[in-house]
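Per-entry structural report
What follows is the residue order along each chain.
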Amino acid sequence: MTNAQNFGFGTQIRKSPYFDATVRWGATAFSVYNHMYIPRDFGNPEQNFWNLINDAILCDVAVERQVEITGPDAARFVQMLTPRDLSKLAVGQCKYVLITNADGGILNDPILLRLEENRFWLSLADSDILLWAQGVAVHSGMDVTIREPDVSPLQLQGPKSGEVMQALFGDSILDLKYYWLRRVDLDGIPLIVSRTGWSSELGYELYLQDSTRGDELWEKIMAAGQPFGLKPGHTSSIRRIEGGMQSYHADADINTNPYELGLDRLVNLESGADFIGKAALQRIKDTGVSRKQVGLLIEGAPLTGPNTTFWPIHRDGAVIGKVTSAIHSPRLKQNIALAMLAVDHTAIDTKVEIATDQGTLTATVVDRPFYDPKKTLAAA
């Protein structure tokens, strides 16, 4: 069994409330995300993928830090941060949103949770939106309080996750709809549970509201899940690329706009709401984009892992873009990738060359996502 002392971690990067539990359960490698350690390997990423799509996995995603926005002007302030129309967002509902800057660039792509009429959480991807939101608030003239609460999410994902939740919380939890949340209590442990996740599979997120009980919560879930084949795991690069899900800093960043990613549905310019970046996004919509995200099928031997650099893409001797996320899918038996290409080269079936660390490989432009395009599994 791995001992947490074997890892040379300092105090400047935070550990999650589940850190010791994940080490105890076999975490072998960590990355840093939102200034915290996140388990990235439990020994075999391909086996982790099969565990996810066949049974269920429990993932420490406490790195998804929450920005809590409260106060009389909370709803108006949250709408100012995102181009997605929130006018019909009900208490108890969640939405996938983009946070944009004045140039229309994407600062984050969080899940927004509306817990109360005037209480919201932004469940973050990897960037400092707490600082952005507090900065925006300073001169906004709005009455809001913005802080990071003591909240640490876990993701329980996979086709058996509903059965594990039923064992933990009873039959009523199965009534929870896709992208809705509920307050629950597990033996006195205070939780918010949502039907969301970063896997493209059926799944739940459990937001722990007392960090002193992280180890206890982890063990309770693993014990309840044992009859259903629940395994400790990590967010699967294979599954999320199959599902065409964005990874911030890889597929999107401050210099990427929603139209380049095909996320037009998250930009509601006609809603009447004012939000940061509205004028810029209107200009981009009117003039069009010079590059777009595409899917690629990459020929050659199976990739041995995800790309750790952006791979240049060439056509007719010119660089026309970059691969942002690439992986081998053992289910599809193909190398698949998300890439950003000059718009003139994005037609389906276009052939391109990729400069990889395994040499130059040929690839073909295809539709994305690569699997379950209507998200029938996640929304089941």
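The structure contained in this document is the topic of the report that follows.

What counts, and where the lines are drawn
Residue indices begin from 1 for each chain and proceed along its sequence in written order. Per-residue local features of the predicted model are confined to residues with pLDDT of at least 70, and side-chain atom pairs are confined, for both listing and counting, to 80 or more; whole-chain, interface and lining totals are unaffected and use all residues. Side-chain descriptors were evaluated using all non-hydrogen atoms of the structure, hydrogens and water having been removed beforehand. Every helix listed is a DSSP run of H or I at least four residues long, and every strand listed is a run of E at least two residues long, numbered separately from the N terminus. What the globule rule says is 2.2 Å times the number of residues to the power 0.38, and the radius of gyration is computed from C-alpha atoms. Each residue's exposure class comes from its accessible area (1.4 Å probe, protein chains only) as a fraction of the maximum for that residue type: buried when under 20%, exposed when over 50%, partly exposed otherwise. Using a 1.4 Å probe, the Shrake-Rupley method yields the accessible areas, and only the shown protein chains count as cover for residues. As used throughout, the charge tally considers Lys and Arg to be positive and Asp and Glu to be negative, leaving His and the chain termini uncounted. Here the site of a charge means atom NZ of a Lys, CZ of an Arg, CG of an Asp or CD of a Glu. Only buried residues count toward a nonpolar core. Its members are Ala, Val, Leu, Ile, Met, Phe, Trp, Tyr and Cys residues joined through side-chain atoms within 4.5 Å. Any pair of residues with heavy atoms lying within 4.5 Å of one another is described as a contacting pair. Counting of polar contacts relies on pairs of N or O atoms within 3.5 Å, with two restrictions inside protein: one atom must be capable of donating a hydrogen and the other of accepting it, and residues adjacent in sequence are counted only when both atoms are side-chain atoms. Being paired, for any two strands, means DSSP has found at least two bridges between them. Every axis corresponds to a line fitted to the C-alpha atoms, with the helix fit spanning only the stretch in contact, and the corresponding angles, defined between N-to-C directions, vary from 0 to 180 degrees. Here, a salt bridge means any Lys or Arg side-chain nitrogen found within 4 Å of an Asp or Glu carboxyl oxygen. By convention, a stacked pair of Phe, Tyr or Trp rings (six-membered ring in the case of Trp) has centres within 6.5 Å and planes under 30 degrees apart, an edge-to-face pair has planes over 60 apart, and any other such pair is tilted. Only when the NZ of Lys or the CZ of Arg is both within 6 Å of the ring centre and within 35 degrees of the ring normal is a charge said to sit over the ring.

**Topic: the overall build of the protein**
- Helix and strand counts for the protein stand at 9 helices and 21 strands.
- The globule rule puts the C-alpha radius of gyration for 380 residues at 21 Å, and the 21 Å found for the protein is close to it.
- Each principal axis of the C-alpha distribution contributes one length, and for the protein these read about 65 × 55 × 40 Å.
- Here the protein holds 380 residues, and the buried ones make up 56% of them.
- On the protein, roughly 15,900 Å² of surface is accessible, and the fraction owed to carbon and sulfur atoms is 50%.
- Here the protein contributes 36 positive and 45 negative side-chain charges, whose respective centroids are spaced 3 Å apart.

**Things to note about the nonpolar core**
- Counting residues in each nonpolar core, the largest one holds 30 residues, and the members touching the most others are Phe169, Leu191, Val193, Leu217 and Ile221.
- Those elements giving two or more residues to this core turn out to be β2 (36-41), β3 (56-60), β11 (152-157), α5 (161-169), β12 (181-186), β13 (189-194), β14 (203-208) and α6 (214-225).
- Among all residues touching Ile221, those that are not within four sequence positions of it are Leu58, Leu154, Leu156, Val164, Leu168, Leu206 and Leu230.
- Grouped together as the second largest cluster of nonpolar side chains are 24 residues, Leu81, Leu86, Leu122 and Ile276 included.

**A short note on the side chain of Ser325**
- As for its position among the elements, Ser325 is in strand β18 (residues 318-329).
- Side chain to side chain, Ser325 and Arg240 meet in a polar contact 2.7 Å long.

**A word on the sheet that holds strand β5 (residues 94-96)**
- Pairing is antiparallel in the open sheet, where 5 strands are placed in the order β5-β8-β9-β4-β10. A single partner strand is all that each edge strand has here, and the edge strands are β5 and β10 (145-147). Mean inter-strand twist for the sheet, computed between neighbouring axes without regard to direction, equals 20°.
- Of the pairings in the sheet, the one linking strand β8 (residues 111-116) to strand β9 (residues 119-123) comprises 5 bridges and is antiparallel in character. Directly across from Ile111, in β9, lies its bridge partner Ser123.
- Strands in contact with helix α3 (residues 74-81) are β4 (66-70), β8, β9 and β10; relative to β4, the strand with the most contacts, it is inclined by about 135°.

**What about the pattern of salt bridges?**
- With the rule as written, the count across this model stands at 19 salt bridges.
- Between Glu216 and Arg213 there is a salt bridge, with the nearest N and O atoms lying 3.0 Å from each other.
- Relative accessible area serves as the criterion here: at 33%, Glu216 is assigned to the partly exposed category.
- Arg213 gets classed as buried once you look at its relative accessible area, which sits at 18%.

**Re the packing of aromatic side chains**
- In total, this model carries 5 aromatic pairs according to the counting rule given.
- Consider the rings of Phe19 and Phe30, whose centres lie 5.1 Å apart with planes at 35°: the pair is tilted. Pair noted here: Phe19 is in helix α1 (residues 19-24) and Phe30 is in strand β1 (residues 29-33), with a separation of 11 residues, a long-range link. An identical accessibility class is assigned to Phe19 and Phe30; each is buried.
- Between Tyr178 and Tyr179, the aromatic rings sit 4.9 Å apart at their centres with planes inclined by 90°, giving edge-to-face as the arrangement.
- The partly exposed category is assigned to Tyr178, whose relative accessible area is 28%.
- Lying across the ring of Trp180, Lys177 places its NZ or CZ 4.7 Å from the centre.
- Of note, Arg195 hangs over the ring of Tyr204, and the distance from its end group to the ring centre comes to 5.7 Å.

**Digging into the side chain of Ser127**
- Relative to the helices and strands, Ser127 resides in the loop between β9 and α4 (129-138).
- According to the relative accessible area criterion, Ser127 is buried, its value standing at 14%.
- Among residues more than four places away in sequence, those in contact with Ser127 are Asn34, Leu107, Asn108 and Tyr248.

**A closer look at the sheet that holds strand β17 (residues 311-315)**
- Taken in spatial order, the 6 strands line up as β16-β19-β18-β17-β20-β21 and close into a barrel, and their pairing is antiparallel. Ignoring which end each strand starts from, the neighbouring axes of this sheet average 40° apart.
- By the bridge criterion, 6 bridges tie strand β20 (residues 351-356) to strand β21 (residues 359-366) in an arrangement that is antiparallel. In the sheet register, Thr356 faces β21, and the bridge partner there is Gly359.

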